[in-house]
Amino acid sequence: MVHFYSRLVLGFIFLSSISLSAQNLILNPSFENYKACPSNITNFNTLVEDVSLPTSSSGDYFNECGTGDFSVPENFKGAQKAVEGKGYAGLYFYALNDYREYIQLNTAKTLRSKFPYKVSFKVSLAEASSLALKGMSIVLTNAKVRVPNSSALTPSKLDLQEGVEFYEVKLTPNNSMADTEGWVTLSGEFEAKGFEEHIIIGNFQNNNSTALLNKTGPVLSKDFSYYYIDDFMLEEQPRINYEKDKIYVLERNPFEPKGYELDKEAVASVKKIFKFLKENAEVQMKITGHSDNVGNPEYNKFISSLRARAVALYLKKLGIDDNRVVWEGAGDTKPLRNGKIKEKANRRVEFVMTTIENQ
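The written sequence of each chain sets the order in which its residues are numbered from 1. At least 70 in pLDDT is required for a residue's local features to be given in this predicted model, at least 80 for side-chain atom pairs to be given and counted, and no such filter applies to totals for whole chains, interfaces and linings, which use all residues. The side-chain numbers reported here are obtained from all heavy atoms of the structure, hydrogens and water having been left aside.

In this section: the state of the cysteines. Cysteine sulfurs are considered disulfide-paired once they come within 2.5 Å of each other. If you walk through the whole model with that rule in mind, you get one disulfide. Residue pairing for Cys37: its cysteine sulfur links by disulfide to Cys65, the two sulfurs lying 2.1 Å apart. Judged by the sign of its S-S torsion, about -115°, the bond between Cys37 and Cys65 is left-handed. Of the two residues, Cys37 sits in the loop between strand E1 (15-16) and helix H2 (44-47) while Cys65 sits in the loop between strand E3 (60-63) and strand E4 (74-75), which places them 28 residues apart along the sequence. Accessible area is worked out with a 1.4 Å probe on protein chains only. A residue is then buried under 20% of its type maximum, exposed over 50%, and partly exposed in between. Residue classification places Cys37 among the partly exposed positions, given a relative accessible area of 35%. Counting from the N terminus, the helices are DSSP H or I runs at least four residues long and the strands are E runs at least two residues long.

So this is what it looks like as structure tokens:
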């Protein structure tokens, strides 16, 4: 999103080619539609709607209506309240001899090719666990997977499934995945290939390849990692469309006074711009760096040039031809005109899309 100050002063608006309301494309995303209350070890898919098992192992279902070991908040792996509603799932993500548990969810419709999507869900490490993972991922498929064993569902095993197309999406946690008190949100963005109808959740690496968190000594045979999971969300994102001859501000935090390197937010923004340029071969981009008015004007112009150049170089690194990207530094000559705008907001990068024929 463009920064608030830019929207106020310059009216810089990111437009999308379609207008979407937030719609969760996962069926039964919080496991609230269930066939029976859990009371003993039972295959997850016999208890919950729109969930299947891709391997011969089964995760656990916990619900407030459950009894004993399978209740909420207290159960045989620890204690945790549901994010919303009454139920959640539990899976082994790491155990002896590469034992794994997975569940497979359905999407409400086939995802649209070349459209961006965002997926997220919440996890909480069960208190009984002795290991925590550094990260997680999901696998999207065109068809339901069913492998007749309970070991790690690695990409090489998925490759052997006839008629199954798939790919893995790495997720980023918003907190330590060793947290047993609250819920940690994992999220990731991806561009759909146009065949996705199912999402598999679990650990797709064997024990040797699984990155563990804060583990210094050897892993013992009794060690395992078990997570509660809940609250899935899959949303189609608007496709980025930059209007020609309109000024946009690069998404990022304001630069430091002498700073010109791209932060994480800026890198993500440049990747969106790259995708747009790649899909619109007739478009050229002009980048202008700006600075505040503190210090020597010549130095300010120099710093502003470096800011614009950093964006141009990253685009070229991604594969955009030199003749499609031009850049310059304006120094402090074009400040934002608003009394409420802090001076640091002038430390920015702007860009305009034009057609190459007009240059």
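What follows covers the side chain of Asp223. Here Asp223 lies in the loop between strand E12 (198-202) and strand E13 (225-236). Taking the relative accessible area as the measure of exposure, Asp223 reaches 8% and is therefore buried. Within the local environment of Asp223, its side chain forms a polar contact with the side chain of Ser130, the two groups lying 2.9 Å apart. Within 3.5 Å is the distance limit for a polar contact, defined as a pair of N or O atoms, with the added protein rule that one can donate a hydrogen and the other accept it, and that residues adjacent in sequence qualify only through two side-chain atoms. A polar side-chain atom of Asp223 sits 2.8 Å from the main-chain amide nitrogen of Leu220. Setting aside residues no more than four positions away along its own chain, Asp223 makes contact with Tyr94, Ala95, Leu96, Ser130, Leu131, Lys215 and Pro218. Note on definitions: a residue-residue contact is assigned when non-hydrogen atoms from the two residues lie within 4.5 Å.

It is worth spelling out helix H5 (residues 297-318) at this point. The length a helix should cover is 1.5 Å for every residue beyond the first. Under the 1.5 Å per step criterion, the end-to-end length of H5 is 32 Å for 22 residues, consistent within 8% with the ideal 32 Å. Of the positions making up H5, those classed as buried are Asn300, Ile303, Ser304, Ser305, Leu306, Arg307, Ala308, Ala310, Val311, Ala312 and Leu315. Where H5 is buried, its residues meet helix H4 (264-279), strand E16 (283-289), strand E17 (325-329) and strand E18 (349-355). At the N-terminal end of H5, a side-chain oxygen is found 2.7 Å from the backbone nitrogen of Glu298, two or three residues along, and the residue is Asn296. Phi for Gly319, located one or two positions after H5, is positive at around 125°.

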